[in-house]
Structure formats: structure tokens, C-alpha cells
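# Structure assessment
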Amino acid sequence: MNAITGASGLNLTASTNITLTTTMSGNATSHGTLTVTGTSRSPATIVVDTANLAILQLNFSATGEGFNISLINVTINGTATEANLTNVRLFNDTNGNGAFDAAADTQIGPALNTTTAAAKFVITNFQYNISTSGINTLFVVVNTSGASGTGGTRFSLSLNKTGDIQLVGAESSRNLTADANVTLTTPESVTTTIHGKVTFTGSNVINSAVSISADGISVIRFNITPLGEGVNITVLNVTRGGNASDGHIFNVSLYNDTDLSGTFNAGDGALGTVGLNTTTSSQYVFSGLSFNVPVAGKSLFLVVTTNNTNDVTFNLALNGTGAANLIGTTTGENLTGSSNITLTSTGSNTAETVSLSITGSSLAPATRVINTANVSVMLLNLTAGGEGMNVSVIKITRNESATDNDISNVRLFNDTDLSGTFNAGDTQIGPAVNTTSAGQYEFAGLTYNIPQGSRKSLIVVTNTSSAAATGGKTFRFNVNTTSDVNTITETTANNVTETLTTPVSNRILIYGTVTLTGKVLNADFVEINTGGFSVLQLNITATSEGANVTVLNITRTGTDYSTTLI
């Protein structure tokens, strides 16, 4: 210190001339500052149950010294809660490309599923070092929940104040969590709406072979399961495959599985346009629907009718996620798209139309005497289409007044020569049946094969009985319904519904017999002019029914035929 006195002009620089008292300041340590700039990475809408969704990018710039961050508070804003967001995490932009990459970037700190009372995800127990060179980047990453009610909730994530970041200077070792030391810029994401999604799971309910001219064949059952919110289905496009044309498959309809039984039945209600008969580019377009599916789920059946053409193949399917138009009931969001719709096994098996045609012809005579064997009653012509058929059961119904006591030994014979008449060359199929159940003769355990595209014939044969009261009884045979025949396809082993045409015989009247037994009563010689002597006794015996004798012709024999003799 130099001092010059004003009056003397002397230089007084000397310890004897200058006295210093507490002229030293305290020690001061300089520290740096931190700038945090947020950039929203959140989409306007996002589907429920989405993993690894980057919501907010945080760029850290340090000045003066580096920093160590050990806590970040992330606030959730909007209607969404911790039930709607899960697995909230911080990721370091390890590869420095400014974009979140779950495989390459490194998670720091724990994943959180719960918030504090202040709706903050408090991410702590980590140390993130920020250098003064360049920009350090963290991503705030979440999963959306699939919980019921998540659809329609809205959220944003933010750092509300500088105190939401706890940092210590790397050089100064000072806790610099304060407004003067940290600058926050746009530290909040845009608001995102969470919407639902839907899974369609198909269950094939059609056999690989189906009968021609069959109505109400359920092809596939769609189990529809929304997640996050219910949906309204407005359009379904069903694609038809195979070689069938519009004329082969018709009355294509959708039915709500009302009772959720998993089986198409009379209680299920039709949905939208019932009975589509034409396609557009091989698609049945069900439009104008308003089918509401709650988060509990519902099911639909796809039902068709086949025409009378054999050997036609078809399958039906939802070919892609664009085949369904869905609107979220809460968000009003159009959910059509691969990220919102999942299709699982939504195509049916390929089915072939097959047939067994049974056409009946009566062979029955108008009458037949009691105790007659091998009475031909009915001819059944069986024709297989599509593939070969095996008939295992045939039930022949007896009608009219005859009972089990009046006819017996009912049999089926293969008309070997296809002559249409019963003869010695025909072979019996199955056992002879003598008794009925509910008026039906059941022939079970058969293995009667009809090759594809060919015809075979069966002749129904019976015996008439001589039981008391059989005379005067009538009967006819018929095959009542398709359920009285069991037919299995030869290759695919599917049950077929038969087509029946005039499978009934004419009526047969069983009549009894009358026996006349004569006994000679006259002597070998009779005097002339003898009157009132017995000549002949006639014993008349009726079997199975009584008889009224209306005419009796007595023939006289001998050597004299003159009228004067007797």
C-alpha cells in the first residue's frame, strides 16, 4: 500500500505509518449453473397396454462445473392416475442420437408404479453425472396400463419446479437445488389421450364337410375382447375363399351369441343386414352396424346356408385389421388399424359341400296274406356327392294299425344288381329286426358304403305274421327324418345331413285265410225217394280274422246229372 500525505508530501509507506485492522475478506467458492430444456415426445393419442413410450426428453447443459443428479420428481397431470400409467422410468440417451431406443439406451434409477400424495413419481437412488461438455439427455419413459377404464383418460408429465431436480456441483460439492442455479424451459409433455384396443379371437365351428341345402350352418365364432374401453362395431368385412361363388353360399349373417353359450341356437339374435347373398371382391360387407361390446366382451357367430351343389369348397375369414371398423365408446377414437386390433385365428377351416341323397320308391303290394315271407316293401336309392359316404344307422318307421305281432323279420337287403326288385342275388345288410322302439325298427352298427358319385340301393323286406287278429291290419314303412339316418363322410369323417325324397311306401293290407275241410256223411247206397239225408259236412276255419261266406258253390259228381235224380 502506498500513501502520500497531502501537507508534507512525504511517502508514508511503512508499517510505522499505516495500521491495518481486519482488512481480509472471507474465502468464496464459485459454482456452476444448470439449464434443463424439455421437449415433448408424447403422441396426441396412444393405445392402452403400450410399453416403452417416451413422453418427455430432458436436455441438461452445465456451465461452470459438472453436476451429479440424484433425484427427479415427475408429476402426472390430467385425468390419468397411477392405475393408468405403469413402469415410469428414466433412460440415459446412451448412444447420443437424441431419440429413445429401449435396446441401446440405459435405464437409470428404479421403475415406479406409484406416486406420492402430490401426484409425483419420485425417482431417486441413482447418480447421473452431467459434464460441462455438450448436452446430456434423459428420457422419461412409461407404459400405459390395460386396466378397465384406462381408455379415455388424459395425461401429461412434467417437472413443475427447479426443486424437482436434486443436484450437487461436481467441483463445488454444493447442493445447488435452487431457482437461482437451475433454469427450466418447457419441462412438460403435450397432453396424450389413452384409447382402447380390441382382440378378435376366432373359434372354428364348421366341419371340413357340410351338407348341401343346409340352413343355419355356423362357420366361425368371433370372441371380441376390448381392453381399456368398450367399442362399437360399425363395419365387418368377411372374405370368402375357396371355389364357391355367390350362388353356392348365401344367407350369410352375423348373430350375437346372446347367451354366451358358445353354441349357435335359436336364442341368438341377428345383427345388421340378415342374409347377404352377394359379395364385393369376394367380401360380404356388413355395414351400418351398431354393435356395442363392453370391456367384458361379447361373441358373434357367422352363419351361412348352402345350396344344392356338391363338391364346392369355401372358407370365411376376417382377413386383416382393416376388415373391422371400431369406435371407442369413451374416446370416440376410430380404432381401425393394426396397432389397435389384434386378430387371432379369425379364419374358418375350408369346408366342402357333400351330400347323401335318399330317394324312396314303394314296392309294397296293396294286400298280402298272413304268414307270407320276404315281402318287398320299399326301395331306397342312395347317391353320394362330394365324397364317399358310410351309413351306420337307418331307422325304419312303421305306420298304420299293424303292431310288432303282425309283421316280423324286417330286413335290409343291398340291391346288388340294382334291378329295383328283391331277388336271390341280393345280400342282407345288418341283422333282422323283430321289435320296434317308438314304432321304429333300428338298424345300427352298419358299414354300408356308397362311393363318391355313385348310387346304391337298399330294399326293405319283411314277413307277415299269422298271429291272432293280424288279418285286417295295415302298415306302411318310411324314413321319417334325416335324424333317422346316420351318415359319415368316408374321407373327412364328418356327419352329413341327408336329403330325403318320398321315403315312404304304399299301404299294405294284411288279410287272413279261410280253410274248408269236408267230411262225407252219406252211405254208399241210398234208396230212391229218400229225403233229408246228409251228404257232406263242411268245416270252415278262419285264421287271423273272421270271414263272411257270401257264396258257396256245390258241385255234383256222378253218372247221372239229370235234374230229376235229386
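Structure first, text after, so check above.
Residues numbered from 1 in each chain as written. Predicted model: local features only at pLDDT ≥ 70, side-chain atom pairs only at ≥ 80, totals over all residues. Heavy atoms only, no water.

## So, the overall build of the chain
When you go through the chain residue by residue, the secondary structure sums to zero helices and 40 strands. The C-alpha radius of gyration computed for the chain amounts to 50 Å, which surpasses the reference 24 Å derived for 566 residues by more than 25%, pointing to a less compact arrangement than a globule. Expressed along its principal axes, the backbone C-alpha trace of the chain runs to roughly 220 × 40 × 35 Å. Carbon and sulfur atoms form 48% of the exposed surface of the chain, whose accessible area is close to 26700 Å². (Helix = DSSP H or I, 4+ residues; strand = E, 2+ residues; numbered from the N terminus. Rg over C-alpha atoms; globule rule 2.2 N^0.38 Å. Areas by Shrake-Rupley, 256 points an atom, 1.4 Å probe, with all protein chains shown as cover.)

## Overview of the sheet that holds strand β24 (residues 341-344)
Across the sheet, which stays open at both edges, the six strands sit in the order β18-β17-β21-β15-β13-β24 with mixed pairing between neighbours. Strands at the two margins of the open sheet, each flanked by one partner only, are β18 (269-276) and β24. Taking the axes of each pair of neighbouring strands and ignoring which way they run, one obtains an average angle of 20 degrees across the sheet. Strand direction decides the pairing type here: strand β13 (residues 197-204) and strand β15 (residues 217-227), joined by eight bridges, are antiparallel. Looking at the pairing, Thr199 lines up with Thr225 of β15. (Pairing = 2+ DSSP bridges. Axes fitted to C-alpha atoms, helices over the stretch in contact; angles between N-to-C directions.)

## Topic: the packing of aromatic side chains
Here the structure, examined in full by the defined rule, presents eight aromatic pairs. Between Phe91 and Phe100 the ring centres are 5.0 Å apart and the planes differ by 65 degrees, which places this aromatic pair in the edge-to-face class. Pair check on accessibility: Phe91 and Phe100 agree, each one buried. When the ring of Phe475 is compared with that of Phe477, the centres are 5.3 Å apart and the planes differ by 50 degrees; the resulting orientation is tilted. Given the relative accessible area of 0%, Phe475 is considered buried. (Phe/Tyr/Trp six-rings, centres within 6.5 Å; stacked < 30°, edge-to-face > 60°. Buried < 20%, exposed > 50% of the residue type's maximum accessible area, 1.4 Å probe, protein only.)

## Notes on empty space enclosed by the protein
All chains considered together, the criterion is met by one cavity of 30 Å³ or more. Of the volumes computed, that of the largest cavity is approximately 30 Å³. The wall of the largest cavity is formed by Ile358, Leu380, Leu382, Ile394, Leu458, Val479 and Val485. Here the lining of the largest cavity is composed, by residue class, of seven nonpolar, no polar and no charged. (1 Å grid on protein atoms, 1.4 Å probe; cavity = no way out; pocket = protein on both sides within 12 Å on 5 of 7 lines; lining within 4 Å. Points joined across faces, edges and corners; volume = space filled by probe spheres on them. Nonpolar A, V, L, I, M, F, W, Y, C, P; charged D, E, K, R; others polar.)

## Quick look at the side chain of Ser392
Along the chain, Ser392 turns up in strand β28 (residues 389-399). Given the relative accessible area of 19%, Ser392 is considered buried. Sequence-distant contacts of Ser392, that is, excluding residues within four places in its chain, are made with Phe443, Ala444, Gly445, Leu446 and Asn486. (Contact = heavy atoms within 4.5 Å.)

## Structural notes on the sheet that holds strand β11 (residues 182-185)
The sheet built from six strands is open, its strands ordered β6-β5-β8-β3-β1-β11 with mixed pairing. The open sheet is flanked by β6 (106-112) and β11, the only strands paired with a single partner. Strand-to-strand twist in this sheet, taken as the mean axis angle between neighbours without regard to direction, amounts to 20 degrees. Inspection of the sheet shows strand β5 (residues 85-92) paired to strand β8 (residues 136-144) by six bridges, in the antiparallel sense. Note that in β8 the partner of Thr86 across the bridge is Asn143.

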